[in-house]
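A look at the structure
Listed here are the chains, written in short residue letters.
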Amino acid sequence: MTSGKKTKATRNSVAAARSSVVASKPKPWGTIIAVVAVLALAGGVFGYAYMQIHENNVKEAALAKWKPSDTNKDPSLQLAGIVSKEYKGSRHVTAEQRVAYDQTPAFGGPHDATWADCTGVVYDKAVRTENMVHGLEHGAVWIAYNPDQVKDDALNKLKVKVEGIPYMALSPFPGLDKPISLQSWGHQLKLDNADDERIDQFISSLLRNPNTYPEVGASCENSQFLANPAPFVAEKPGADAVPMDGGKDESLTEGQQQNPSMPPASGSASTPPSS
């Protein structure tokens, strides 16, 4: 009987010892914290992605009414402050000539035979107007800004809307009477700040809108101009400036517009087409 009691006591003692060891074993707090951190990070990433997708969807829905359609060929005409004019295309001047434009910045009329590259280009310096107008004839949207009024965060907001986006261009315009001015062929909208929702609405309405510009299908790429942009001329055009109904008429006799995106004919020069 004594032996049996000792055995039971020994077992109880061993069990108690094991329980003490288990109880005293530290929890893997480092691993737990790491797992929690990973889960929190993953949740944050997925949450951010969801918010971005949601915001993009909301933005797209808001711009739906500003997309051209068969029943709404020029949605920009609904924009408050929009200026719209009719201009004849394919009228060219030389690199030495100035045009007596009827609007500042110009958004139509005679223009240089060489277009300013408008493949999502952000020009750091002001560019010659006659070249920029030619890009509008190809379906581009040109955002001009007053460099004395638009800087830092506001300028970055404009750059995001342009940089790398085909048929877009951004450039400073010294002396501009408003902080920001948007141009497409035959259209202009002047604004006070870079947060104005009408910027996106203007772009959605008019960027390569086939109903609003003369040379549908024309290219906006001109690497030669991009490498050496024609500088902005601040002085007003003189008495010898080309009038708004002037310039060399380059339209085809067949009544069809040239397509500058077509490769040059065999044996022709490799410079960009000029209309």
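In this report, we go over the structure that sits alongside the text. (Residues numbered from 1 in each chain as written. Predicted model: local features only at pLDDT ≥ 70, side-chain atom pairs only at ≥ 80, totals over all residues. Heavy atoms only, no water.)

The helix and strand inventory of the protein chain stands at 6 helices and 9 strands. The buried share of the protein chain, taken over its 275 residues, is 37%. A separation threshold of at least 6 residues defines the contact pool for the protein chain, and within that pool the share at least 24 residues apart is 74%. Accessible surface, the protein chain: about 15,900 Å² in total, of which carbon and sulfur atoms supply 56%. (Helix = DSSP H or I, 4+ residues; strand = E, 2+ residues; numbered from the N terminus. Buried < 20%, exposed > 50% of the residue type's maximum accessible area, 1.4 Å probe, protein only. Contact = heavy atoms within 4.5 Å. Areas by Shrake-Rupley, 256 points an atom, 1.4 Å probe, with all protein chains shown as cover.)

All right, on to the pattern of salt bridges then. Under the definition given, this model contains 12 salt bridges. Two residues, Lys157 and Asp153, come together in a salt bridge whose shortest N-O distance is 3.5 Å. With Lys157 and Asp153 both in helix α4 (residues 152-162) and 4 residues apart, this pair spans about one turn of that helix. A salt bridge links Lys161 to Asp200; the shortest N-O distance between them is 2.9 Å. On the criterion of sequence distance, the pair formed by Lys161 in helix α4 and Asp200 in helix α5 (residues 198-206) is long-range, its members being 39 residues apart. Exposure class is identical for Lys161 and Asp200. Each is buried. Members of the salt-bridge network, linked through shared partners, are Arg98, Asp112, Arg128 and Glu130. (Salt bridge = Lys/Arg side-chain N within 4 Å of Asp/Glu carboxyl O.)

Moving on: the pairing of strand β6 (residues 168-172). Look at any regular strand and the pattern is simple: side chains alternate between the two faces of the sheet. Burial analysis of β6 places 5 of its 5 residues in the buried class, the great majority of the element. Burial of the side chains of β6 extends over both faces: Met168, Leu170 and Pro172 are buried on one face and Ala169 and Ser171 on the other. Two elements, strand β4 (residues 119-122) and β6, share 3 bridges in a ladder whose sense is parallel. Residue pairing in the sheet places Thr119 in a bridge with Met168 of β6. Note that strand β5 (residues 141-145) and β6 share 5 bridges and pair parallel. By the bridge assignment for β6, Tyr145 is matched with Pro172. Chirality of the crossover, the property in question, places the unit of β5, α4 and β6 among those that are right-handed. (Pairing = 2+ DSSP bridges. Right-handed = clockwise from strand over helix to strand, strands pointing away.)

What follows deals with the state of the cysteines. By definition, a disulfide links two cysteine residues through a covalent bond between their sulfur atoms. Per the counting criterion, the structure on display carries 1 disulfide. Between the sulfur atoms of Cys118 and its disulfide partner Cys220 the distance amounts to 1.6 Å. As the torsion about the S-S bond is roughly -90 degrees, the Cys118-Cys220 disulfide counts as left-handed. Of this pair, Cys118 sits in the loop between β3 (111-112) and β4 while Cys220 sits in the loop between α5 and α6 (223-227), placing them 102 residues apart in sequence. When its relative accessible area of 3% is taken as the criterion, Cys118 is described as buried. Judged by its relative accessible area of 2%, Cys220 falls in the buried class. (Disulfide = S-S within 2.5 Å.)

Further remarks concern α5. One full turn of an α-helix is made of 3.6 residues, so residues set three or four places apart face in the same direction. The buried fraction of α5 amounts to 8 of the 9 residues, a majority that puts the element mostly inside the structure. All of the buried residues along α5 are Ile199, Asp200, Gln201, Phe202, Ile203, Ser204, Ser205 and Leu206.

Turning next to unusual backbone geometry. Going from Thr104 to Pro105, the amide bond is cis rather than trans, its omega being -10 degrees. Positionally, Pro105 belongs in the loop between β2 (91-93) and β3. The phi dihedral of Tyr167 falls on the positive side, at around 65 degrees, and the residue is not glycine. Residue placement: Tyr167 occurs in the loop between α4 and β6. Note on Tyr167: relative accessible area 11%, which makes it buried.

Within the secondary structure, Phe173 sits in the loop between β6 and β7 (180-184). When its relative accessible area of 6% is taken as the criterion, Phe173 is described as buried. When neighbours within four sequence positions are excluded, Phe173 is seen to be in contact with Thr104, Pro105, Thr129, Trp142, Ala144, Tyr145, Asn146, Pro147 and Phe232.

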